[in-house]
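# Residue-level structural notes
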Amino acid sequence: MRLVPDLRWDHNACYWPLLLRALPDRCARVLEVGCGAGGLACVLAGRAAAVDALDRSPEMVALARARVPSNVRVVEADVLAVQLPAGGYDAVVGGSVLHHLPLDEALRALADAVRPGGVLAMVALPRTDPLRDLPVEALAAVLDRVVGLARRVRGRRDSGTPGMPVRDPVLTTRQVRARARAVLPGARVRRLLFWRYSLVWRRPG
């Protein structure tokens, strides 16, 4: 019997609107990297004519294929081991995947797949920088419980997908920002509240 209410909720999904706002107004083709169980791919399907959703976990690919609409193609693959079409996508997006990959190599490969005028938009986990992140970490810890309680009161329980691959991040937001700007001049990296950072880069058109 659980005496303490379960207040967990999906931090990844709360940043999907941020990714959607970064998309070009019209998208013919979008690539999602690390699609997991397909939740974001389903949302992207409403913004693009075609979505390619990649994940290297057979379990996640099976879950995604069972739920995505017909304009989403789910592929079991390591994004760094496949040949992406150069300039083939209006947008390349990912929620909580970039910290699983070698950053410099991933940014180059994903940027090459973005068409001129298109966008690379990612949300991922940073390693905590104790000297700089203490205020936002403290605020996040408090608001995390508040949001979890509010969602429970409204009957919303979306704590994420069981079995989703997890990896501890090795780079702080500051380190990601420096390396991203070196690889992709003009890339914007900012720390988000709930243990995430965003990276947005628009390919000159």
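Residues numbered from 1 in each chain as written. Predicted model: local features only at pLDDT ≥ 70, side-chain atom pairs only at ≥ 80, totals over all residues. Heavy atoms only, no water.

### Some words on the packing of helix α4 (residues 103-112) against helix α6 (residues 173-183)
What describes two packed helices is the angle between their axes and the distance between those same axes. One can describe the packing of α4 onto α6 by two numbers: an axis separation of 10 Å at closest approach and a directional angle of 40°. By the angle between their directions, the pair α4 and α6 is classed as oblique. Classified by chirality, the crossing of α6 by α4 is right-handed. Along its contact with α4, which presents L103, D104, L107 and R108, the element α6 presents V176, R179, A180 and V183. Residues belonging to the contact of α4 with α6 are distributed by class as follows: five nonpolar, no polar and three charged. (Axes fitted to C-alpha atoms, helices over the stretch in contact; angles between N-to-C directions. Helix = DSSP H or I, 4+ residues; strand = E, 2+ residues; numbered from the N terminus. Parallel < 35°, antiparallel > 145°, perpendicular 65-115°, else oblique. Left-handed = near helix turned anticlockwise from the far one by under 90°. Contact = heavy atoms within 4.5 Å. Nonpolar A, V, L, I, M, F, W, Y, C, P; charged D, E, K, R; others polar.)

### What about the layout of surface pockets?
Here the second largest pocket defines a volume of roughly 160 Å³. Every residue lining the second largest pocket is listed: L18, R21, A22, R188, V189, R190, S198, V200 and R202. Looking at the lining of the second largest pocket, its residues break down into four nonpolar, one polar and four charged. (1 Å grid on protein atoms, 1.4 Å probe; cavity = no way out; pocket = protein on both sides within 12 Å on 5 of 7 lines; lining within 4 Å. Points joined across faces, edges and corners; volume = space filled by probe spheres on them.)

### Re the packing of aromatic side chains
Throughout the structure, instances matching the rule amount to one aromatic pair. Taking 6.0 Å as the distance between ring centres and 50° as the angle between the ring planes, the aromatic pair formed by F194 and W195 counts as tilted. Look at W195 and you get partly exposed, because its relative accessible area is 24%. (Phe/Tyr/Trp six-rings, centres within 6.5 Å; stacked < 30°, edge-to-face > 60°. Buried < 20%, exposed > 50% of the residue type's maximum accessible area, 1.4 Å probe, protein only.)

### A short note on the pairing of strand β1 (residues 27-33)
The buried count for β1 comes to five of seven residues, which makes it a mostly enclosed element. Here six bridges tie β1 to strand β2 (residues 48-55), and the two strands are oriented parallel to one another. Opposite C27, over in β2, you have A48 as the bridge partner. Each parallel crossover has a hand, and the one from β1 via helix α2 (residues 39-44) to β2 is right-handed. Across three bridges, the pairing between β1 and strand β4 (residues 89-95) is parallel. (Pairing = 2+ DSSP bridges. Right-handed = clockwise from strand over helix to strand, strands pointing away.)

### Quick word on the sheet that holds strand β5 (residues 114-124)
Taken in spatial order, the seven strands make up an open sheet running β3-β2-β1-β4-β5-β7-β6, and their pairing is mixed. Only two strands of the sheet have a single neighbouring strand rather than two, namely β3 (72-76) and β6 (188-192). The mean inter-strand angle of the sheet, taken between neighbouring strand axes irrespective of direction, is 15°. For β2 and β3, the ladder comprises five bridges, and the chain directions are parallel. Paired with V51 across the strands is V72, a residue of β3. Strand contacts of α4: β1, β4, β5 and β7 (196-202), with the helix running at about 140° to β5, the strand carrying the most contacts.

### Here we look at the pattern of salt bridges
All told, the structure shown has eight salt bridges when counted by the stated rule. The residue R29 makes a salt bridge to D52 at a minimum N-O spacing of 3.0 Å. On the criterion of sequence distance, the pair formed by R29 in strand β1 and D52 in strand β2 is long-range, its members being 23 residues apart. We note a salt bridge from R73 to D52, for which the minimum N-O separation is 3.2 Å. Placement of the pair is R73 in strand β3 and D52 in strand β2, with a sequence separation of 21 residues. For R73, a relative accessible area of 48% gives the class partly exposed. Sharing partners across several salt bridges, the network here consists of R29, D52 and R73. (Salt bridge = Lys/Arg side-chain N within 4 Å of Asp/Glu carboxyl O.)

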